[in-house]
Amino acid sequence: MEPVIVTNPPRADAGQVTKLAEYGVATVHEALGRSGLLGPDLRPIQDGARIGGTAVTALCWPGDNLMIHAAVEQCQEGDVLVVTTTSPSRDGLFGELFATALRHRGVRGLVINAGVRDVAELRELGFPVWSAAVSAQGTVKATAGAVNVPVVLGGQVVHPGDAILADDDGVLRVRRQDVEEGLKASQARLEKEAAAREAFAAGQLGLDRYGLREKLEALGVRYLTAEEYEKEQG
């Protein structure tokens, strides 16, 4: 890993990213072919938060938050700070003081594949966080890493400037060049879901709406009465 801080990378359009976040992680994930989800390990420390912003990335060494300090300087209005480590770490790399500095710069939240602390204070500040752990374990500031380079979280590559969406369902990366497509596809999916919701409210079953009876039959699934089933089981 080259120790480097990349300044002012190209970012996805902030207005489009904000609009995309309104659809929610699950809808956008499905609309874009179930791509970009950063996995189930990143969980919100709060309920009900929904954010969208452009990624500023920080690659740190385990137990060392030096590069988060460097990343704060590179953050601007509408960003989301995305942090990971060179090898697995659950130490509390981030806390209230970092959040205070980032709020001043207009940062919308944090996604970190490590630990956070000062959770009560973060909630009180209203600074949204998605993390892999909560830990009071402190850290050092000793080892060079990198800022605004591609990083990997949950098997997905996050480039600086990509769109990051996060809510109660998890965290999603949308490539900078795919944001406009994501808006169109998410709107189409929203309309499709609205039609399905209306049909289900009127009593239609998913088995019929989605043609699943034929699939069950093709898979060899049979309908048996309780008596027939008991008889077959002997």
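First things first, this report covers the structure right here in the doc. (Residues numbered from 1 in each chain as written. Predicted model: local features only at pLDDT ≥ 70, side-chain atom pairs only at ≥ 80, totals over all residues. Heavy atoms only, no water.)

### Quick word on the packing of helix H1 (residues 14–23) against helix H6 (residues 179–201)
What describes two packed helices is the angle between their axes and the distance between those same axes. Going by this rule: Angles run from 0 to 180 degrees between N-to-C directions of axes, and those axes are lines fitted to C-alpha atoms, restricted for helices to the stretch in contact. The helix and strand labels rest on DSSP assignments: H or I over at least four residues marks a helix, E over at least two residues marks a strand, and numbering proceeds from the N terminus. Geometric relationships in this document are graded by angle, where less than 35 degrees denotes roughly parallel, more than 145 denotes roughly antiparallel, 65 to 115 denotes roughly perpendicular, and other angles denote oblique. Left-handed is the label given to a crossing in which the near helix is rotated counterclockwise from the far helix by less than a right angle, and right-handed is the label when the rotation is clockwise. Only heavy atoms matter for contacts: two residues are in contact if any of them lie within 4.5 Å across the pair. The nonpolar class holds Ala, Val, Leu, Ile, Met, Phe, Trp, Tyr, Cys and Pro. Asp, Glu, Lys and Arg form the charged class, and all remaining residues, Gly among them, are polar.
At a minimum axis separation of 10 Å, H1 and H6 run at an interaxial angle of 30°. When the interaxial angle is binned, H1 and H6 end up roughly parallel. Considering only the axes of H1 and H6, their crossing is left-handed. Between H1 and H6, the contacting residues are Gln16, Val17, Lys19, Leu20 and Tyr23 on the first element and Val179, Glu180, Gly182, Leu183, Ser186, Gln187 and Leu190 on the second. Of the residues that constitute the contact of H1 with H6, the class distribution is six nonpolar, four polar and two charged.

### What about helix H4 (residues 96–104)?
An α-helix turns once per 3.6 residues; consequently, residues spaced three or four apart project the same way. Operational definition: The buried label goes to any residue with under 20% of its type's maximum accessible area, the exposed label to any with over 50%, and the partly exposed label to all in between, with areas taken from a 1.4 Å probe on protein chains only. Here the arc refers to the set of directions running from the helix axis out to each C-beta atom.
For H4, every residue scored as buried is listed here: Phe98, Ala99 and Leu102. Buried positions in H4, seen along its axis, are confined to an arc of 95° and lie on one side of it. Exposed side chains of H4 directed beyond 90 degrees from the buried face belong to Leu97 and His104. Its buried side turned inward, H4 meets helix H3 (66–74), strand S4 (79–85), strand S5 (92–94) and helix H5 (119–125). Taken from the residues just after H4, glycine 106 is the one with a positive phi, measuring 80°.

### Remarks on the packing of aromatic side chains
We describe a pair of aromatic rings using the distance from one ring centre to the other and the angle between the two ring planes. What counts here: The pairing test for Phe, Tyr and Trp rings, Trp by its six-membered ring, is centres within 6.5 Å, and the orientation test on the planes gives stacked under 30 degrees, edge-to-face over 60, and tilted for anything in between.
Per the stated rule, a full pass over the model turns up three aromatic pairs. Between phenylalanine 94 and phenylalanine 98, the ring centres sit 5.4 Å apart and the planes meet at 20°, which makes this aromatic pair stacked. Per residue, the accessibility class of phenylalanine 94 equals that of phenylalanine 98, and both read buried. Taking the centre distance of 6.0 Å and the plane angle of 15° together, the rings of phenylalanine 94 and phenylalanine 127 count as stacked. Taken as a pair, phenylalanine 94 in strand S5 and phenylalanine 127 in the loop between H5 and strand S7 (129–134) lie far apart in primary sequence, 33 residues in all. By relative accessible area, phenylalanine 94 is classed as buried at 0%.

### Points about the state of the cysteines
Our working rule: Put simply, a disulfide is two cysteine sulfurs that come within 2.5 Å.
If you walk through the whole model with that rule in mind, you get zero disulfides. This cysteine, cysteine 60, is not joined by any disulfide, and cysteine 75 carries the nearest cysteine sulfur, 12 Å off. A relative accessible area of 1% means that cysteine 60 is categorised as buried. Here cysteine 75 falls in the buried class, since its relative accessible area comes to 4%.

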